[in-house]
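Spelled out from the first residue to the last, the chains are:
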There are 4 protein chains.
Amino acid sequence: MLFPHSSAALTPPMGWNSYDYYDTTVTEADVRANAEVLARELKPYGWEYAVVDIQWYAKDAGARRAEFQYIPFGDHAMDEYGRFQPDPARFPSAAGGRGFGPLADYVHSLGLKFGIHIMRGIPRAAAHRRLPVHGTPYTAADLADPSSICRWNPDMYGVRAGHPGAQAYYNDLIAMYAAWGVDFIKCDDIANTNMYPHAPYSGRAEIEYLHNAILHSGRDIVLSLSPGPALIEQAWHYAQNANMWRITDDLWDKWEDVRAMFDRCELWQDHVAPGAFPDCDMLPLGRIGRGFGAERATALTRDEQRTLVSLWCLFGSPLMLGAELTQLDEFTKSLLTNREVLRLLPPSFRARQLAKDEAGAVWTCTGPAGADGQPERYLALFNFCAQPRTMAADTAAVPAWQGAAPAAAARELWTGETLPLPGARLAANVPPHGVRLYKVEG
Amino acid sequence: MLFPHSSAALTPPMGWNSYDYYDTTVTEADVRANAEVLARELKPYGWEYAVVDIQWYAKDAGARRAEFQYIPFGDHAMDEYGRFQPDPARFPSAAGGRGFGPLADYVHSLGLKFGIHIMRGIPRAAAHRRLPVHGTPYTAADLADPSSICRWNPDMYGVRAGHPGAQAYYNDLIAMYAAWGVDFIKCDDIANTNMYPHAPYSGRAEIEYLHNAILHSGRDIVLSLSPGPALIEQAWHYAQNANMWRITDDLWDKWEDVRAMFDRCELWQDHVAPGAFPDCDMLPLGRIGRGFGAERATALTRDEQRTLVSLWCLFGSPLMLGAELTQLDEFTKSLLTNREVLRLLPPSFRARQLAKDEAGAVWTCTGPAGADGQPERYLALFNFCAQPRTMAADTAAVPAWQGAAPAAAARELWTGETLPLPGARLAANVPPHGVRLYKVEG
Amino acid sequence: MLFPHSSAALTPPMGWNSYDYYDTTVTEADVRANAEVLARELKPYGWEYAVVDIQWYAKDAGARRAEFQYIPFGDHAMDEYGRFQPDPARFPSAAGGRGFGPLADYVHSLGLKFGIHIMRGIPRAAAHRRLPVHGTPYTAADLADPSSICRWNPDMYGVRAGHPGAQAYYNDLIAMYAAWGVDFIKCDDIANTNMYPHAPYSGRAEIEYLHNAILHSGRDIVLSLSPGPALIEQAWHYAQNANMWRITDDLWDKWEDVRAMFDRCELWQDHVAPGAFPDCDMLPLGRIGRGFGAERATALTRDEQRTLVSLWCLFGSPLMLGAELTQLDEFTKSLLTNREVLRLLPPSFRARQLAKDEAGAVWTCTGPAGADGQPERYLALFNFCAQPRTMAADTAAVPAWQGAAPAAAARELWTGETLPLPGARLAANVPPHGVRLYKVEG
Amino acid sequence: MLFPHSSAALTPPMGWNSYDYYDTTVTEADVRANAEVLARELKPYGWEYAVVDIQWYAKDAGARRAEFQYIPFGDHAMDEYGRFQPDPARFPSAAGGRGFGPLADYVHSLGLKFGIHIMRGIPRAAAHRRLPVHGTPYTAADLADPSSICRWNPDMYGVRAGHPGAQAYYNDLIAMYAAWGVDFIKCDDIANTNMYPHAPYSGRAEIEYLHNAILHSGRDIVLSLSPGPALIEQAWHYAQNANMWRITDDLWDKWEDVRAMFDRCELWQDHVAPGAFPDCDMLPLGRIGRGFGAERATALTRDEQRTLVSLWCLFGSPLMLGAELTQLDEFTKSLLTNREVLRLLPPSFRARQLAKDEAGAVWTCTGPAGADGQPERYLALFNFCAQPRTMAADTAAVPAWQGAAPAAAARELWTGETLPLPGARLAANVPPHGVRLYKVEG
């Protein structure tokens, strides 16, 4: 039976992640530069994690980008126990076996928390070289399951479920990360092991090993699982073992991706709880795409961006920003620092889809009681159409608001406009792919 | 977009249903006799619905039971508008077109509520005879979709989704039931239309028609959807339109069926809310099976029965009793009248699976704060094994109980035994397929 | 165990079918007019069947075509035993219970054979009215399986597999058709009962009933099964019980449909045998579409039409012409009367795909030995591209031609052009979506 | 487009294979000893191939048999180009880089042909070490696809389809085998790459590479593809590129396995042709199982063994014997040397299932015309039941025999008993799981 849940991340984690801009190529200098902006500009609003995403150990990261995102049989920095280390050419402070310790220290010195990305399993190179597993009598060849691979990344073999050394391997690995000062681990190829359409949850045992290893480490480390879509049938197991799990495949700056998230949020809305968050993926806002060979400003319109941020906050998704932060523009910053919108993020503000059809969706959110003894009430109108249109909702018909004072007015949180609600009915013109997000008042 | 939710059934409905004992053959006299016992013996404990299950309109019900549960092209009581009426031979008070009105009146006179079973759609016989649909310019042949049938019952065609008369048909039908005094409708072949493995939710539009028709009727009628397993992907849609929906195929008095419900409850535990209840199916306790040609006392052991009632109450399932009530024995009655166990039923007592493996499960339940300001705390140990075994749980590790006073003792709700909890650890010997259900105290 | 195979149709049946032009609306006058042209113009080339396709019993056929191809709960001509009869308004000679006898006589008088379309099963209307089944102690309600329906046509219920009256029902029905003089039965909703994705071959028992009934009738009746795609896993069962079976869903005058047939022909090429023919569907050539509200000349280009006829003949598919014959134009007629191409149709001319890729296909065909002791040899180059291109094949590499005299020249069967084959290599420029079909000579 | 077919194996290959007895552990001495018996005892009856099955390159083969059939990250003999070599400890004559040349020479000296087993792809160890690919500018890391693996064997990565070095790699490999004198290659993990339920034919390109490489080698090498079940949808592609392909998963000495082959043979009976044989798998007769830790005499009864040999010969499957030959007993030998039964093996003796149900099957076989101008006729009655029972067939009803002289008598090919056929009807008592295989005479 499983151990109890970590106490980390009682509200959705907020931070910055290197992937959307840098892909596999991020460097220590990049992380420091972004973290500095994060600390200075965004931390006052709750953004606190700086996360180094995939293949920080690859010496040849990005070298053959036209052919491969992840070079097969690539050259990876690794210690004598087969544990990946930051590539010292990209992360100079890692030289001498110090790993991410110095960089984590720097990030901590900014008042931030430090996160890394890992892949499920044990390096293939370690298994083929039969390297010893630190602190165990086993070699990587003993633990690696040669038939458990990732469909899209060639670096790892899965660890044999049930092997006597499996938990010890993960304990040792997480202990090393804890010693470095890691606060957040995004483990990939594990929430949905989509190599195996017939067995999409074959990472189950490794999820438990990771969870147990974090408890064993004694450090409060947030555990984030990727990729999505997570399996709704496993909702309990994710929540029991992890703090967040991706409910979607990679999201990019396309309206279709944002639109599809409404279906995901409908599906997962009952599964948002303190310490356990369905994850709508990173925010592809601001400057993104350089490592992918397509540097650009986000292709989402301003209305689409407001829709994205509104939905993520209402739903209660973790917020991980993809933008390159030294180039953060004012509009993007305004999206990320709207205190009234960010206020809706914690699970104590409970959101619920009220209606959805081909043309749009209506969500409500109910917060704790305010000074007047009334619960805070929010209502969002989302327009899926390419044309503006008038949308309406009857606030008296919201089940959770039965018994509250009749709604008399509403204030839009992005524009500040105030609307009277005759007969408790809210109606507004909503721009294409846009949102009107109201605080409803008695 | 959809109308708001009915206010009926804010706690899980409790009652009696004719199916498990009578199958298709129940009569007015049977319903009256059972309802009388229900009112006298069980109503004080919250049991209030008396529900007439399937084919009350069939004149030949049960006549060819060895071949057919539902006789194809059978002889059904029907008015000139193609609306099924209670077979007057079985339900004499229905004579003269009074339908279930007199029986509902009698049930109401006992202080109870009255429910009926219906099948999705419009009678095939009405369509083939082109009978007019009351209050509309259409005939049944216009509304019936000849390619929408039920896999296991031959009585109906589905109603064409989107037909201009579709909502009117359902409005008329529900208005007739409301006029009869019906308080509860169990609609079948609709939660999972398992005729169509490729389109298991093809009853979606008809669910909405029913919901709208109930709102339109102005009567508080509980809407119950069958059969299961309901589709977890449609959890929001069920909750938006119905009060309860079956999360399992038919459950009978076999341990395998009870055991399988733990998997269902794991899956649906986050979807229990006021007015919207995942339904674990009827309780096959006491005397059952006569209509099926297999009259018997339930084949579940006493421990299995306690397990069943404990799980249903913890989880918050509707409780619909299958037993023939004039033969209600003392043991069965004791299961149904344990106020401390029934207390856990409402969604304000929030249950959560803490652990599950091949050998057993642990559930917790957290209720509102008591007089001491502490939330009520419950913990259940379920043993899936055929041997007794000692099970244990660490009450300090329950996430929802962080901050509460340390657990010091526990009282078992079926036996009354009290247990000290050294170090907040609860350990008990649990009988085969049995339960130990504790109230934890500070 | 199954009875042996009928001796009918040792070569692929050739004829005319009413569907592509008339849909459900064909009349006796239409059939006579078409049959007369068939007899006069095409019979000398082997075309001999005149087939009346679907719903000849419907009194309201086509009346609500914008809504329904097959009107639900429609008005059908039927005798007192529930056997469909030709609608006497459309087929006047059927009056007085003579069925298709007089029309069949007329068709026979032209030297042709007569065919009809039927649906698997027993009329729903007969079952709901409980009509007696002729020559048996049963009613239609006894034999009809109310859960066995057709996805796209509302007229029938499947017959209960294994019911003691099932074979007797089919024997009686086929005896009636045999008495009318029917030579060809196209049974629909049976080769692939696509209502049930999980059980696509649920018409299996009814296929056997039909086969046995034909043997029992003592008349040589060709049995044709629809719709497709037939299931390759059931190839033996089709061949054991029927003379032809559709390997494709409906084919229309679109290049995509013709292109897709190359994949079907690859799949079924080893299953063409005397009396047992995979069926590529009717030829949508000439004037078609009136009953569908879209009368037109075929939308296929002349090259696409030659491709179609060449592939059907090479492969050995039955040839059923969809054109309205009183409007038969010279080009279409030329396609249907090329004796050198039609010569390839019998299974004694064995065809085989030699190669296929995205751009085209090469087929060979090997016939019986000619006067010189050499087998006849044919090679077809099919161009799938929208541009003309040069295609080539090495005739020395055809496995079936090992040992034959080296190929020296080739004559194209549509154009008559002769080509030298230097080094036994055939190369030709093939038009877009076109064919070059060569007879290879030593 | 594809090259023409090899001329090897116009009749089903017959021989001996090391797998059923030795598993991965066979040695040169074993091969020589078995080949000597094969040449002396069985070659006069057509048995001619001696095949070394899986992992002849493994230095640790069988060393951890309780845990692994194929040791992950095992120690394999390999040349500097990453080409597996026979383990010289097991195959001493391979020392000095001579590979299987000396052993092939010895086998050839016995008048036999020599075969080996290979796995699809390129060794994982070669890819991780980036070894050069002989005769190309590439390394194994360039050619290996790290996401293409085998579910059950850890030795290889698939070769990248479409890589400019892919065909060259296979050409080089097959050239090495040709230089050794290999006559038969059984390639595994290729007919059905069952790692990928969503893409079971992902070895398609490698099948073509192998076929082309064999043509390129200039040596007549039989190509055999495993494992099964082969995909009926790909029947043309197998036949175009290979000489035999497994239509079943591994077959062992269990009645269920033999019984299931009747379904496979029904499915594939139209796909048996010269040079292209659906393969029913090896014959688990005589002494088998030592390498698997379960040495035994075959567990099939004598009747089951006759059934197996009769079906394989009728159907036209390759015959690869699994027995250890130095322990060949008289009964087993009698099964393998019945000239009248073996006579049915070539495709010129065309077999066809006449009937099959739950209790048994009837097959016919029609051979070339004999001296009397009549085709040879055979009929087999197979009893699937565990009790003896009388089976019968009407020889006049066999489609292929229309026109032949009436059958008057029948001689059983295993017992020699002769049976009169009154009214051309053959009836016999068939033992449990047994066969009666008759030659029918006029």
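Everything here concerns the structure above.
Since we're looking at a predicted model, the values are computed, not measured.

Trainee: What is the right way to read the side chain of Arg 90 of chain B from this model?
Mentor: Residue and element names in this part refer to chain B. Mapped onto the secondary structure, Arg 90 falls in the loop between β2 (49–52) and α3 (101–109). Within the structure, the side chain of Arg 90 is placed 3.1 Å from the backbone oxygen of Ala 58, a separation counted as a polar contact. Filtering out sequence-adjacent residues up to four positions away, Arg 90 remains in contact with Thr 24, Thr 25, Val 26, Thr 27, Glu 28, Gln 55, Trp 56, Tyr 57, Ala 58 and Ala 61.

Trainee: Please clarify how the sheet that holds strand β15 (residues 360–369) of chain A should be interpreted in this entry.
Mentor: Each strand in a sheet pairs with another by means of backbone hydrogen bonds, the pair being arranged parallel or else antiparallel. All names here are of chain A. Strand order in the open sheet formed by 6 strands is β14-β15-β16-β21-β18-β19, and the pairing between neighbours is antiparallel. Edge positions in the open sheet fall to β14 (350–356) and β19 (418–420), since each of these has one partner strand only. Taken pair by pair, the neighbouring strands of this sheet meet at an average axis angle of 25°, ignoring direction. Bridge analysis of strand β18 (residues 409–412) against β19 gives 3 bridges, and the strand direction is antiparallel. Each residue of the ladder has a partner; that of Arg 411, found in β19, is Thr 418. The strands touched by helix α9 (residues 255–268) within the sheet are β14, β15 and β16 (375–383), with β14 carrying the most contacts at an inclination of about 110°.

Trainee: Sorry, what's going on with helix α6 (residues 166–180) of chain D here?
Mentor: What sets the pattern is the α-helix's 3.6 residues per turn: residues three or four places apart point alike. Residue and element names in this part refer to chain D. Taking 1.5 Å as the rise per residue, α6 with 15 residues should run 21 Å; its terminal C-alpha atoms sit 22 Å apart, in good agreement. Counting buried positions along α6 gives 11 out of 15 residues, so the element sits mostly inside the fold. Looking at α6, one finds that the buried residues are Ala 166, Tyr 169, Tyr 170, Asn 171, Asp 172, Leu 173, Ile 174, Met 176, Tyr 177, Ala 178 and Trp 180. Two residues or fewer past α6, Gly 181 is found with a positive phi of approximately 100°.

Trainee: Teacher, can you tell me more about the arrangement of the chains here?
Mentor: The smallest C-alpha distance separating chain A from chain C is 18 Å, and no contact links them. You won't find any contact between chain B and chain D; their C-alpha atoms come no closer than 18 Å.

Trainee: Hey, could you run me through the interface of chain A and chain D in this one?
Mentor: You'll often see interface size given as the accessible area lost when the parts meet. Facing the 23 residues of chain A at the interface are 24 residues of chain D. Between chain A and chain D, the buried area comes to about 2000 Å², and carbon and sulfur atoms account for 63% of it. For the pair chain A and chain D, the interface holds 0 salt bridges. Counting every contact that joins chain A to chain D gives 9 residue pairs in polar contact (both at pLDDT 80 or more). In terms of residue count, the dominant contributor to the side of chain A that touches chain D is helix α4 (residues 124–128) of chain A (4 residues). Across the side of chain A that touches chain D, the residue classes tally to 14 nonpolar, 4 polar and 5 charged.

Trainee: So what exactly am I meant to see when it comes to the relation of the copies chain B and chain C here?
Mentor: Mapping between the two chain copies consists of a rotation about an axis together with a translation along that axis. If you rotate chain B by 180° and push it 0.0 Å along the axis, it lands on chain C with an RMSD of 0.0 Å. Taken together, the rotation and translation describe the operation of a two-fold axis. When the interface residues of chain B are mapped onto chain C, 100% of them again lie at the interface, so the same face is used by both copies.

Trainee: Where do I start with the relation of the copies chain A and chain D in this structure?
Mentor: Superposing chain A onto chain D takes a rotation of 180° combined with a translation of 0.0 Å along the rotation axis, leaving an RMSD of 0.0 Å. Counting the interface residues of chain A, we find that 100% of their copies in chain D are interface residues as well, pointing to one common contact surface.

Trainee: What is the right way to read the interface of chain B and chain C from this model?
Mentor: Contacts between the two partners involve 25 residues from chain B and, on the opposite side, 25 residues from chain C. Between chain B and chain C the total buried area reaches about 2000 Å² when both faces are included, carbon and sulfur atoms providing 63% of it. Together, Phe 73, His 128 and Pro 146 of chain B form the three largest contributors to the area buried by chain B at its contact with chain C, with a combined 34%. On inspection of chain B and its partner chain C, the count reaches 0 salt bridges. Our enumeration of links across chain B and chain C arrives at 9 residue pairs in polar contact (both at pLDDT 80 or more). When residues in the side of chain B that touches chain C are grouped by element, the largest group, 4 residues, is from helix α4 (residues 124–128) of chain B. Looking at the side of chain B that touches chain C residue by residue, the class counts come to 14 nonpolar, 4 polar and 7 charged.

Trainee: Got a minute to help me understand the pairing of strand β1 (residues 14–17) of chain A in this structure?
Mentor: Every regular strand shows the same layout, with side chains that alternate between the two sheet faces. Residue and element names in this part refer to chain A. Judged by which residues are buried, β1 turns out to be covered on both faces: Met 14 and Trp 16 on one side and Gly 15 and Asn 17 on the other are all buried. As judged from the 3 bridges shared by β1 and strand β13 (residues 319–321), these two strands associate in the parallel manner. Looking at β13, one finds that Met 14 is bridged to Leu 319. The pairing of β1 with strand β2 (residues 49–52) spans 3 bridges and is parallel. Bridge pairing links Asn 17 to Val 51 in β2.

Trainee: Would you mind going over the packing of aromatic side chains with me for this structure?
Mentor: This structure, assessed with the given rule, holds 100 aromatic pairs over all chains. Between the aromatic rings of Phe 73 of chain A and Tyr 157 of chain D, the centroid separation amounts to 5.4 Å while the plane-to-plane angle is 55°, which identifies the pairing as tilted. With Phe 73 of chain A in the loop between β2 and α3 (101–109) and Tyr 157 of chain D in strand β6 (residues 156–159), the pair connects residues from two separate chains. Its relative accessible area of 9% is what places Phe 73 of chain A among the buried residues. Tyr 157 of chain D sits in the buried class, given a relative accessible area of 0%. The rings of Trp 56, Tyr 57, Phe 84, Phe 91, Phe 100, Phe 114, Tyr 177 and Trp 180 of chain A are connected pair by pair, giving a single aromatic cluster. The ring of Tyr 19 of chain A has Lys 186 of chain A lying over it, and the distance from NZ or CZ to the ring centre is 6.0 Å.

Cut-offs and rules
- Residues numbered from 1 in each chain as written.
- Chains lettered and ligands numbered in written order.
- Predicted model: local features only at pLDDT ≥ 70, side-chain atom pairs only at ≥ 80, totals over all residues.
- Heavy atoms only, no water.
- Helix = DSSP H or I, 4+ residues; strand = E, 2+ residues; numbered from the N terminus.
- Polar contact = N/O pair within 3.5 Å; in protein donor to acceptor, adjacent residues only side chain to side chain.
- Contact = heavy atoms within 4.5 Å.
- Pairing = 2+ DSSP bridges.
- Axes fitted to C-alpha atoms, helices over the stretch in contact; angles between N-to-C directions.
- Expected span 1.5 Å × (residues − 1).
- Buried < 20%, exposed > 50% of the residue type's maximum accessible area, 1.4 Å probe, protein only.
- Buried area = accessible area lost by both parts, 1.4 Å probe.
- Salt bridge = Lys/Arg side-chain N within 4 Å of Asp/Glu carboxyl O.
- Nonpolar A, V, L, I, M, F, W, Y, C, P; charged D, E, K, R; others polar.
- Least-squares fit on C-alpha atoms with pLDDT ≥ 70 in both.
- Phe/Tyr/Trp six-rings, centres within 6.5 Å; stacked < 30°, edge-to-face > 60°.
- Lys NZ or Arg CZ within 6 Å of the ring centre and 35° of its normal.

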